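What follows is each chain in one-letter form.
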Amino acid sequence: MLDDQEVRKLLLRTAARDEGAGEAFQRLYELCAPLLLGIAQRILRRRELAEEALHDAFARIWKATERYDPFATQPVAWMATIVRNRAIDIRASHDVSRVDSYQDSGDDPEGSLDRLFDWTENTEEGEDRRRAAQWLRDCLSRLEGAERQALVLSYDRGLSHGELAKHLGKPLGTVKTWVRRGMQNMRACLESCMEVVR
Amino acid sequence: MKLANHPQLDALSGEYIIGTLRGAARRRFERALREEPAAAARLRYWEGIVAPRYSKMIEAKPSMNVWRRLERELGLARYRMPWHQRAGFWKGLAAAATAALVLALAVPFLAPRPSEPQVFQIAQLTGKDSAVQVVAHLSKDGRTLVLHAARPVIAGPAQSYELWLIPAEGGNPLSLAVLGTLDAQLQVPQAHVSRLRRGAKLAVSTEPAGGSPTGAPTGPVILTGEIST
């Protein structure tokens, strides 16, 4: 499991742009590239495109470390967002969808969730982090099936609204509603979890 | 309207996180994030909550080319510590040191060398390429250093070998000689005679023809060895 603390430290050392920066960035790469490539591959399905996304993401991370605010972001999530966004862009410019059947995820969002995410309790994580993971899982499971499926497919596979509609065989408007409602419900659910804590 | 006050800020953040915010809309959102700290903070707030740990099962091993390309394009070599300062370097000889050696075809040394001084072995220099081994001998008066390579090793036309002394007490490498071949006999510079002692190290790096342009090693280190006697 990637350790946010360790990753944050390496990002800061990289940002220093001193003699240790190259070393730190390499270590960061060694630590995180397998996960980021995995994320890109779920979206792009083709190895060479996923590696392209990985390359672009790390080039961007290298530049972005200079502006990286160590206290603001969970660094692994931050890096994951960068590679996901890049993969989504590459996906849009290549015809990936034709070779992509999504069968292993679309028809089984529950199983897919468990393959994609690690829900096990991690004692090394802070209490907040553990709680947030629990909320996320609970709130996802409380969504309606269609909403959950729409959210998970967008997140996991990087599908656009249009692709989602095609894949699910539903009108675009319906799918958009699922995504929007799913997110509203997630937000309401997560905020009520937080209320209880306060 | 400022994005930070936008009633849909949470919805946009959510769509951004799951990835359905696309194209121009996403670029607009990202631009706003850069310009409006309040909006960026709101996104980070959601990212903090909607940040599942990914399963190890999805991980994949990238091919070496991705890293090599990054290293080249970002010019990472500039941000690395010189090899001789790196921690642990002398224990394990950094794997990065590629043996840029030209193994010459056998060059027979026909004539015996004139006036071989009385020497004793002080160090064995080894590197990544196990075929290349050099034994260093020192004369009794400490003024003459003799290198013997297990196999003849001759520098390519655009390169030289440079022999360095890393003093036992630490500090920067001191150049002892620029060599065209690793079979050599050389006079130790007077200032360094006393430094050729137990605990000091010898190293050979590959340099541009004529030796290091900076006075410090610039090329890969192909051989190192500690003085044992």
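Residues numbered from 1 in each chain as written. Chains lettered and ligands numbered in written order. Predicted model: local features only at pLDDT ≥ 70, side-chain atom pairs only at ≥ 80, totals over all residues. Heavy atoms only, no water.

(A) Representation of the overall build of chain B. Each helix and strand in chain B was counted, giving five helices and eight strands. Along chain B, helices (α) and strands (β) appear in the sequence α-α-α-α-α-β-β-β-β-β-β-β-β when read from the amino end. Among the 229 residues that make up chain B, the fraction classed as buried is 46%. Look at the contacts in chain B between residues 6 or more apart in sequence, and 60% of them connect residues 24 or more apart. Surface summary for chain B: the accessible area is close to 11,700 Å², and the carbon and sulfur share equals 56%. (Helix = DSSP H or I, 4+ residues; strand = E, 2+ residues; numbered from the N terminus. Buried < 20%, exposed > 50% of the residue type's maximum accessible area, 1.4 Å probe, protein only. Contact = heavy atoms within 4.5 Å. Areas by Shrake-Rupley, 256 points an atom, 1.4 Å probe, with all protein chains shown as cover.)

(B) Local environment of the nonpolar core. In terms of nonpolar packing, the biggest core is built from 84 residues, with A:Phe25, A:Leu28, A:Phe58, A:Ile61 and A:Met79 touching the most fellow members. Ranked by residues supplied to this core, first place goes to helix H2 (residues 21-44) of chain A with 14 residues. The contacts of A:Phe25, once residues within four sequence positions are left out, are A:Thr14, A:Phe58, A:Ile61, A:Trp62, B:Trp67, B:Leu74 and B:Leu76. Of all hydrophobic cores here, the second largest spans 30 residues; its members include B:Ala123, B:Val132, B:Leu145 and B:Ala184. (Core = buried A, V, L, I, M, F, W, Y, C linked by side-chain atoms within 4.5 Å.)

(C) Inspection of the state of the cysteines at higher detail. Residue and element names in this part refer to chain A. Under the criterion given, the structure shown has one disulfide over all chains. The disulfide that involves Cys139 links it to Cys189, with 2.0 Å between the sulfurs. Judged by the sign of its S-S torsion, about -80°, the bond between Cys139 and Cys189 is left-handed. A residue pair is termed long-range when its members are at least 10 positions apart, and Cys139 in helix H7 (residues 127-142) and Cys189 in helix H10 (residues 172-197) qualify at 50 residues. Under the relative-accessibility criterion, Cys139 is labelled buried at 1%. Given the relative accessible area of 10%, Cys189 is considered buried. For Cys193, which is in no disulfide, the shortest distance to another cysteine sulfur is to Cys139 and amounts to 4.0 Å. Residue classification places Cys193 among the buried residues on the basis of a relative accessible area of 12%. (Disulfide = S-S within 2.5 Å.)

(D) Representation of the interface of chain A and chain B. Counting from both sides, the interface comprises 63 residues of chain A and, opposite them, 47 residues of chain B. Carbon and sulfur atoms supply 59% of the area buried between chain A and chain B, which totals about 5,200 Å² over both sides. The tally of links from chain A across to chain B stands at five salt bridges. A salt bridge links B:Arg42 to A:Glu191; its shortest N-O distance comes to 3.5 Å. (Buried area = accessible area lost by both parts, 1.4 Å probe. Salt bridge = Lys/Arg side-chain N within 4 Å of Asp/Glu carboxyl O.)

(E) Representation of the packing of aromatic side chains. The final tally for this structure, using the stated rule, is eight aromatic pairs over all chains. Arranged with centres 5.9 Å apart and planes meeting at 75°, the rings of A:Phe25 and A:Phe58 form a pair that is edge-to-face. Of the two residues, A:Phe25 sits in helix H2 while A:Phe58 sits in helix H3 (residues 47-64), which places them 33 residues apart along the sequence. Each ring, one from B:Tyr45 and one from B:Trp46, has its centre 5.1 Å from the other, and the planes form 70°; the classification is edge-to-face. Judged by relative accessible area, B:Tyr45 falls into the partly exposed class, the value being 27%. Each member of the aromatic cluster is reached from another via a ring pair, and the members are A:Phe25, A:Tyr29, A:Phe58, A:Trp62, B:Trp67 and B:Tyr79. (Phe/Tyr/Trp six-rings, centres within 6.5 Å; stacked < 30°, edge-to-face > 60°.)

(F) Fine view of the pairing of strand E2 (residues 133-139) of chain B. All names here are of chain B. Most of E2 is tucked away, with six of its seven residues classed as buried. Strand direction decides the pairing type here: strand E1 (residues 119-126) and E2, joined by seven bridges, are antiparallel. Directly across from Leu125, in E2, lies its bridge partner Val134. Hairpin remark: E1 followed by E2, antiparallel, with six residues in the connecting loop. In this structure, E2 lies alongside strand E3 (residues 144-149), joined through five bridges in antiparallel fashion. Across the sheet, Ala136 pairs through a bridge with Leu147, a residue of E3. Taken together, E2 and the strand that follows it, E3, pair antiparallel across an intervening segment of four residues, in which Gly142 is found at a positive phi of about 75°. (Pairing = 2+ DSSP bridges.)

(G) Layout of the pattern of salt bridges. One pass over the structure, following the stated rule, counts 22 salt bridges over all chains. Here B:Glu73 and B:Arg69 are joined by a salt bridge, their closest N and O atoms 3.0 Å apart. One end of the pair is B:Glu73 and the other is B:Arg69, both in helix H4 (residues 64-73) and four residues apart, which spans about a single turn. In this structure, a network of salt bridges that share partners links the residues A:Arg187, A:Glu191, B:Asp10 and B:Arg42.

(H) Structural view of the packing of H2(A) against H3(A). All names here are of chain A. Taken N-terminus to C-terminus, the directions of H2 and H3 make an angle of 140°; their axes are 8 Å apart at the nearest point. As the angle between them shows, H2 and H3 are arranged oblique. The two elements H2 and H3 meet at a crossing, and its hand is right-handed. In this structure, H2 uses Ala21, Phe25, Leu28, Tyr29, Cys32, Ala33, Leu36, Leu37, Ala40, Gln41 and Leu44 to contact H3, whose residues at the interface are Arg47, Leu49, Ala50, Glu51, Ala53, Leu54, Phe58, Ile61 and Trp62. (Axes fitted to C-alpha atoms, helices over the stretch in contact; angles between N-to-C directions. Parallel < 35°, antiparallel > 145°, perpendicular 65-115°, else oblique. Left-handed = near helix turned anticlockwise from the far one by under 90°.)

(I) Quick look at H2(A). Residues and elements named next belong to chain A. At Cys32, H2 is bent by approximately 50°, the largest bend along its length, and proline Pro34 sits one to four residues beyond. Of all 24 residues that make up H2, 18 are buried, and the element is covered over most of its length. Count one or two residues on from H2 and you reach Arg45, which has phi positive near 65°. (Bend = angle between axes of the 7 residues up to and from the residue.)

(J) Layout of the confidence of the model for chain B. All names here are of chain B. Model confidence for chain B is summarised by a mean pLDDT of 79, while 83% of its residues fall at 70 or above. Taken element by element, the predicted model of chain B shows its lowest mean pLDDT in helix H5 (residues 89-92) (51) and its highest in H4 (94). Interface confidence in the predicted complex, given as ipTM, is 0.82; pTM for the same model is 0.60. (pLDDT = per-residue confidence, 0-100.)

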